Amino acid sequence: RWLGGQCYNIASIIEVLRNKPRLAKVKIDKQNIAGDYGFILGCNTIYTGNAMKMAPLAQTNDGLIDLIVLRKASRLTLLYLFTKLFKGRHVGNPAVVYHQVKQFSIEPIDDHVLNVDGEIIGCTPVKVKVMKGMIDVLV
């Protein structure tokens, strides 16, 4: 936190350079996909971190969660994509798969910490289901 607004950017670059294996089975609605992933991120708002336009199609009231799946890629590709995140231009790259879903689950080979909006709240596996209209969001 002492890095201020740059902490998300620095943490992201460190993870890109580490580029460690993240083997998991992802279930999206009724479809199962297994692979090695750079990251898997569920969003219900357009921006994450420090103004990263991670989910440019997200709407808080559509009853869907925007699931961004980054397939494993080279460090160079990951760094290139990092520069595109701030304007949402990573979407459409072959390494990025963008889904809008009602539910998903992640079952990694090795459990990992579960990071929700910068807070560690548990470990994987995780199941996520959108419950439309359950809370009021002020925009």
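This is a predicted model, so every value here is computed, not measured.

Criteria and cut-off values
Each residue is numbered by its place in its chain's sequence as written, counting from 1. Note on the predicted model: pLDDT of at least 70 is required for a residue's local features to be given, and 80 or more for side-chain atom pairs to be given and counted; whole-chain, interface and lining totals, by contrast, use all residues. No hydrogens and no water enter the side-chain calculation; it runs on all heavy atoms of the structure. Two rings from Phe, Tyr or Trp (for Trp, the six-membered ring) form a pair when their centres are within 6.5 Å of each other. A pair whose planes differ by under 30 degrees is stacked, one over 60 is edge-to-face, and the rest are tilted. Burial here depends on accessible area, computed with a 1.4 Å probe over protein chains only, as a share of the maximum for the residue type. Under 20% is buried, over 50% is exposed, and the range in between is partly exposed. The pairing criterion is simple: DSSP has to find at least two bridges between the two strands. For helices the rule is a DSSP run of H or I covering at least 4 residues; for strands it is a run of E covering at least 2, with both sets numbered from the N terminus onward. The directions from the helix axis to the C-beta atoms are what the arc is built from. Any two residues whose heavy atoms approach within 4.5 Å are treated as being in contact. Only the stretch in contact is used when fitting a helix axis, every axis being a line fitted to C-alpha atoms; angles between N-to-C directions are given from 0 to 180 degrees. Convention used here: angles under 35 degrees read as roughly parallel, angles over 145 as roughly antiparallel, angles from 65 to 115 as roughly perpendicular, and any remaining angle as oblique. A clockwise turn of the near helix away from the far one marks a right-handed crossing, whereas an anticlockwise turn of less than a right angle marks a left-handed crossing.

Caption draft 1: Representation of the packing of aromatic side chains in the model. Scanning the entire structure with this criterion turns up one aromatic pair. Aromatic pair Phe-82 and Phe-86: ring centres 5.5 Å apart, planes at 90 degrees, arrangement edge-to-face. Residue Phe-86 is classed as partly exposed on the basis of its relative accessible area of 31%.

Caption draft 2: Representation of the pairing of strand β5 (residues 103-108) within the structure. In this structure, strand β1 (residues 23-28) lies alongside β5, joined through five bridges in antiparallel fashion. Across the sheet, the residue bridging to Lys-25 is Glu-107, located in β5. Where β5 lies against strand β8 (residues 126-129), four bridges are found, and the strand directions are antiparallel. When the bridges of β8 are listed, Ile-106 appears paired with Val-126.

Caption draft 3: Inspection of helix α2 (residues 75-84) at higher detail. Every buried residue of α2 is accounted for by Leu-78, Leu-81 and Phe-82. Around the axis of α2, the buried residues are gathered within 110 degrees of arc, so they sit on the same side. Looking at α2, the residues exposed on the side facing more than 90 degrees away from the buried face are Leu-76 and Thr-83. Looking at the packing, one finds that the buried side of α2 touches α1 (7-18), β3 (65-71) and β4 (96-101).

Caption draft 4: Structural detail: the environment of Pro-94. Structurally, the position occupied by Pro-94 is in the loop between α2 and β4. Residue classification places Pro-94 among the exposed residues on the basis of a relative accessible area of 67%. As a C-alpha pair, Pro-94 and Ala-73 span 21 residues in sequence and 9.9 Å in three-dimensional space.

Caption draft 5: How the structure looks around the sheet that holds β3. Ordered by their spatial adjacency, six strands build an open sheet running β4-β3-β2-β1-β5-β8, and the pairing between neighbours is antiparallel. Strands at the two margins of the open sheet, each flanked by one partner only, are β4 and β8. Recorded for the sheet is a direction-independent mean angle of 40 degrees between the axes of neighbouring strands. For β1 and strand β2 (residues 31-43), the ladder comprises six bridges, and the chain directions are antiparallel. Bridge pairing links Lys-27 to Asn-32 in β2.

Caption draft 6: How the structure looks around the packing of α1 against α2. Relative to each other, α1 and α2 sit at 160 degrees, their axes nearing to 9 Å. By the angle class used here, α1 and α2 are roughly antiparallel. Relative to α2, the crossing made by α1 is right-handed. Between α1 and α2, the residues in contact are Asn-9, Ser-12, Ile-13, Val-16, Leu-17 and Arg-18 and Arg-75, Leu-78, Leu-79 and Phe-82, respectively.

These figures capture arrangement, not role.
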